[in-house]
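Tertiary structure, described
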Amino acid sequence: MGNESNESIAIMRLGDIKRHIVNNDCAHILKEKDVYLSSLDTAIQALEKRIPKVPYFISDGYDPEGMEVWDAHRPDCEHELDEEDICPNCGQMIDWENV
């Protein structure tokens, strides 16, 4: 839980920096403002992937005994999961504890 809190704080701070750059004329300070903003977006996305997300489940029919089979999927990229801690498709950490 501590890491999630630290990462959430970092995301908020990076968002504040980005808003400051967008809302104020920082062109005289940053010649390549768009590159800097893109880098901030990348950093925010990377931090967001470190905060585990709960998968969602889709029914996949029935097994030979007649029990319904459910497949876990990543909420954003919809990749089917096999209880990995990190999505092999997009790198998002997965929260299996709150399923």
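This report concerns the structure included in the present document.

Parameters at a glance
- What you see as residue numbers is a count from 1 along each chain, following the sequence as written.
- Per-residue local features of the predicted model are confined to residues with pLDDT of at least 70, and side-chain atom pairs are confined, for both listing and counting, to 80 or more; whole-chain, interface and lining totals are unaffected and use all residues.
- The side-chain quantities take in all heavy atoms of the structure and omit both hydrogens and water.
- Numbering of helices and strands starts at the N terminus; helices are DSSP runs of H or I of at least 4 residues and strands are runs of E of at least 2.
- Residue burial is assigned from relative accessible area. The probe radius is 1.4 Å, only protein chains are included, and a residue is buried under 20% of its type maximum, exposed over 50%, and partly exposed in between.
- It only takes one pair of heavy atoms within 4.5 Å for two residues to be counted as in contact.
- All accessible areas in this document rest on Shrake-Rupley with a 1.4 Å probe, and a residue is counted as covered only by the protein chains that are shown.
- At least two bridges found by DSSP between two strands are what make those strands a pair.
- To estimate how far a helix should reach, multiply one less than its number of residues by 1.5 Å.
- The directions from the helix axis to the C-beta atoms form the arc being described.
- For the purpose of charge, His is not counted, nor are the chain termini; Lys and Arg are scored as positive and Asp and Glu as negative.
- What makes a salt bridge here is a side-chain nitrogen of Lys or Arg within 4 Å of a carboxyl oxygen of Asp or Glu, nothing more.
- For the purposes of these results, a polar contact is taken to be a pair of N or O atoms within 3.5 Å, where, inside protein, one atom must be able to donate a hydrogen and its partner to accept one; residues adjacent in sequence count only when each atom of the pair is a side-chain atom.

Bringing the overall build of the protein chain into the picture now. Regarding its fold elements, the protein chain presents two helices and three strands. Secondary structure elements of the protein chain, listed N to C terminal, follow the sequence α-α-β-β-β. Per-residue burial for the protein chain yields a buried fraction of 21% across its 99 residues. A sequence separation of at least 24 residues applies to 35% of the contacts in the protein chain between residues at least 6 apart. Counting only carbon and sulfur atoms, one obtains 51% of the accessible surface of the protein chain, whose full area is about 7200 Å².

Relative to strand 2 (residues 68-73), strand 1 (residues 56-62) is paired through five bridges, and the arrangement is antiparallel. The residue of strand 2 that forms the bridge with Tyr56 is His73. Linking two consecutive strands that pair antiparallel, namely strand 1 and strand 2, is a turn of five residues; a positive phi of about 90° is found at Gly66 within it.

Turning next to helix 2 (residues 33-49). Spanning 17 residues, helix 2 covers 25 Å between terminal C-alpha atoms, matching the ideal 24 Å at 1.5 Å per step. Among the residues making up helix 2, those that are buried are Leu37, Leu40, Ile44 and Leu47. For helix 2, the angular spread of buried residues about the axis comes to 85°, placing them on one side.

Relative to the helices and strands, Ala46 is located in helix 2. C-alpha separation for the pair Ala46 and Gln92, spaced 46 residues apart in sequence, amounts to 8.8 Å.

In this structure, Asp95 sits in the segment after strand 3 (80-81). Here Asp95 is buried and forms no salt bridge, its nearest opposite-charge partner Arg74 lying at an N-O distance of 11 Å. Only 2.6 Å separates the side chain of Asp95 from the side chain of Asn98, close enough to count as a polar contact. Excluding anything up to four places from it in sequence, Asp95 contacts Pro52, Lys53, Val54 and Pro55.

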